[in-house]
Amino acid sequence: MSEENIPEVTDVAVEVAENEESVQINYSEKSLAELADMFMELARNPERMKMNKEAEAIKSAFYKNLAREKAEAGYSDPENTSVPDGAEGTEEGGADAAPEENVRETGVSENPFEEIEKGFKALYNAYRKERAEYNRQQEKEREHNLELKQAVIDDLKVLIEKQEDVNRTFPEFREIQNRWRAIGPVPVQSFRNLNDTYQLYVEQFYDMVKINRELRDLDFRKNLEVKTAFCEQAEKLAESEHIVEAFKELQKLHEQWKEYGPVAKEFRESIWDRFKAATAVINKKYQAYFEGLKEQHAENLAAKTGLCEQVEEIASRENISAPEWNTLSKEIEEIQKQWRTIGFASKKENQKIYDRFRAACDRFFERKRAFYAGYKENINANLEKKIALCEAAEALKGSTDWKKTASQLINLQKQWKEIGTVPRKKSEQLWKRFRAACDEFFNERDKNVKPENDFYGNLKAKQRLVAEIAAYETSADEDANAEAMENFMQRWQEIGFVPFKEKDEIARKYKDALQEKFGDLASKARKGRYAKAPKSEKERLVQKYLKKEQDITTYENNIGFFAMSKNSEPLIRQMQERIEQAKKELKELEQQIRAIDSNAADAE
């Protein structure tokens, strides 16, 4: 391959290099303050005029984050401060120039985001103006260089056309070469054509002008020395572990190679093959590096996709309790920690997968906030219900209608257990208040007990029965054991009430004694195996009907007591709903009983 056909660095490789640099920092995960600091640091960098891509990336991320945080904070954005994805800024201003914000005449904004935006916009506008001037100067200098190099080519063309003595023309030719090399870059669109024209005339000079062999050989030797040095530099770069930097240096070597003329014919192929071989090694390593980078990006994308799916599954769960919300929040936080340990995905996918992950996390925490908003309302409603129960119990505590009031208080206790959670600070205080009212009534009832209702005597009787159960020795005859257990249970039922504050403890001892002595038999008995069953389906329905009527009477009595309480509205509504439901069930039971009677009449 001739030197005129030196391959250009592939567009794909250059694009990959740009992508490699662009993914070093994910600006979308930075805060507004961090982005402003990064832009300020960039603006102080001596190389800032060459960092336009970084400047535009920071600006784009800043306005995206600003728009999102404004929306989250509930501030309207009439001026549309967000910058569209992929928008390219212009040096002279344009559609994506930093938007102007309206402030009050005093200069103080009611929007907390305006000051940081105002500061950032000032930084960016200063940089944009400086870069626009820089670009104008660069373009002006390139145009000037184009004119200078065109003049050099014109001088070279004139020199070739002279066909004078080589001793006179060769120094002029050398001076023309030095002038050419000293001139800086020209506009990109003119470079290839300009350079090809120059090389053509250089070759024509060597071919058409009969120069002195010694001078030509000296020039060839000098070019060979320079190009040999280029080969050595390229071979050293081929051994470097920093392949991206090596690739960039190789590009510079290729540009310098083109600036020098040919070597002797016998060396042209070998020197070029040597340089080409080193170039091939670097290109191969460079491509392999980015292939590996692509694989790593794919692995990172797969890992981040898995984390997105985990968060999305958690965020879609239904019927989550308050403790579960806290547990799941910790799980989400752990997943977020894992996310931060995973590297970037490809430039094309990285922002998409981050947006997906953020959306899933936001959806979870939005649902959590909504749950606790409703949860607070619920526990406050429960608080009102329990306060109403306390007031109802306090209204009953002075009653001397021992039997009726005891039944009403026991019913209030059942309702207390059915009511859900109340604020933690109030829970213990309310329970003590409710329990105190109940205890006051039952203690007074126990003091005024009649001989036929000897609660303490009943307590002693039940204690003796528990001791008797504990002393009983079981036999191998299961039927005998079952009969003995039935006897104990019957006797327990025949003993009357015990003091209110002792009932739970003696009941527990009784159940423990039965379980320890009779094991499975006791468990089955508690499930109703040995309980007396209704003789027929009709009898069962009648018993259920009577029980439902009794419930309605109790609910109606409770409404009368709740009416005396200031905070009883929730409980009154609850009692009314229960009464309506019970009445519906009564009608259904009545229809079922009539159907049984009708079927029995038809059978006769």
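In case you missed it, the structure is sitting above this.
Our subject in this report is the structure included herewith. Note that the structure is a prediction, hence the values are computed from the model and not measured. (Residues numbered from 1 in each chain as written. Predicted model: local features only at pLDDT ≥ 70, side-chain atom pairs only at ≥ 80, totals over all residues. Heavy atoms only, no water.)

1. So, the overall build of the chain
When helices and strands are tallied, the chain shows 19 helices and zero strands. Accessible surface, the chain as shown: approximately 36,700 Å² in total, 50% of it carbon and sulfur. (Helix = DSSP H or I, 4+ residues; strand = E, 2+ residues; numbered from the N terminus. Areas by Shrake-Rupley, 256 points an atom, 1.4 Å probe, with all protein chains shown as cover.)

2. Structural notes on the pattern of salt bridges
Oppositely charged side chains can pair when the atoms bearing their charge come close. By the definition in use, this model includes 27 salt bridges. R274 is the salt-bridge partner of E235, the closest N and O atoms lying 2.7 Å from each other. With E235 in helix α7 (residues 213-238) and R274 in helix α9 (residues 265-315), this residue pair connects regions lying 39 residues apart in the sequence. For R274, a relative accessible area of 31% gives the class partly exposed. A cluster of three or more residues bridged by salt bridges with shared partners is formed by D155, E175 and R179. (Salt bridge = Lys/Arg side-chain N within 4 Å of Asp/Glu carboxyl O. Buried < 20%, exposed > 50% of the residue type's maximum accessible area, 1.4 Å probe, protein only.)

3. A look at the side chain of N195
Its location among the elements puts N195 in helix α6 (residues 188-208). Judged by relative accessible area, N195 falls into the buried class, the value being 8%. Apart from residues no more than four positions distant in its own chain, N195 is found in contact with W180 and K258. (Contact = heavy atoms within 4.5 Å.)

4. Details of the packing of aromatic side chains
Throughout the structure, instances matching the rule amount to 27 aromatic pairs. For the ring pair F441 and F442, a centre distance of 5.1 Å and an interplane angle of 75° mean the geometry is edge-to-face. With respect to class, F441 is no different from F442; both count as buried. Counting every residue linked through ring pairs, the aromatic cluster contains F39, F62, Y63, F120, Y124 and Y127. Its guanidinium or amino end placed over the ring of W180, K149 lies 4.4 Å from that ring's centre, counting from NZ or CZ. Across the ring face of Y260, the terminal group of R181 is positioned such that the distance to the ring centre comes to 4.3 Å. (Phe/Tyr/Trp six-rings, centres within 6.5 Å; stacked < 30°, edge-to-face > 60°. Lys NZ or Arg CZ within 6 Å of the ring centre and 35° of its normal.)

5. A short note on helix α16 (residues 503-518)
Over its 16 residues, α16 runs 22 Å from end to end, which matches the ideal 22 Å to within 8%, given 1.5 Å per residue. Of the positions making up α16, those classed as buried are I506, Y510, A513, L514 and F518. The buried side chains of α16 occupy one side of the element, clustering within an arc of 95° when seen end-on. Exposed and oriented more than 90 degrees from the buried face of α16 are D504 and E516. Just past α16, the residue G519 takes up positive phi, approximately 55°. (Expected span 1.5 Å × (residues − 1). Arc of directions from axis to C-beta.)

6. Describing the packing of helix α8 (residues 243-259) against α9
Direction vectors running N to C along α8 and α9 enclose 150°, while the axes themselves pass 10 Å from each other. With respect to α9, the axis of α8 lies roughly antiparallel. Considering how the two elements wind past one another, α8 and α9 form a crossing that is left-handed. Across the interface between the two elements, I243, V244, A246, F247, L250, L253, H254 and W257 from α8 touch I271, W272, F275, T279, I282, N283, K285, Y286, Y289 and F290 from α9. Broken down by class, the residue content of the contact of α8 with α9 amounts to 14 nonpolar, three polar and one charged. (Axes fitted to C-alpha atoms, helices over the stretch in contact; angles between N-to-C directions. Parallel < 35°, antiparallel > 145°, perpendicular 65-115°, else oblique. Left-handed = near helix turned anticlockwise from the far one by under 90°. Nonpolar A, V, L, I, M, F, W, Y, C, P; charged D, E, K, R; others polar.)

7. Let's talk about the nonpolar core
Membership of the largest hydrophobic core comes to 22 residues, with the highest contact counts inside it found for W257, F275 and I282. Those elements that place two or more of their residues in this core are α7, α8 and α9. One finds C390, L396, A406 and L430 within the second-largest nonpolar core, a separate group that totals 21 residues. (Core = buried A, V, L, I, M, F, W, Y, C linked by side-chain atoms within 4.5 Å.)

8. Some details on the packing of helix α14 (residues 455-471) against α16
Between two packed helices, both the angle of their axes relative to each other and the distance between the axes serve to describe the pair. Direction vectors running N to C along α14 and α16 enclose 15°, while the axes themselves pass 9 Å from each other. By the angle between their directions, the pair α14 and α16 is classed as roughly parallel. When you trace α14 past α16, the crossing you get is left-handed. Contact with α14, carried on its side by L459, K462, Q463, V466, I469 and A470, involves I506, K509, Y510, A513, L514, K517 and F518 of α16 and no other residues of that element. Here the contact of α14 with α16 is composed, by residue class, of nine nonpolar, one polar and three charged.

9. Considering a negative patch on the surface
On the surface, a cluster of negative charge is contributed by D477, E478, D479, E483 and D520. Sorting elements by how many residues they give to the negative patch places helix α15 (residues 478-494) first, with three residues. Locating E483 in the fold gives a position in helix α15. Given a relative accessible area of 61%, E483 falls into the exposed group. (Patch = residues over 30% accessible without salt bridge, like charges linked within 9 Å, V, L, I, M, F, W, Y side chains within 5 Å. Lys, Arg positive; Asp, Glu negative; His and termini not counted. Charge placed at Lys NZ, Arg CZ, Asp CG, Glu CD.)

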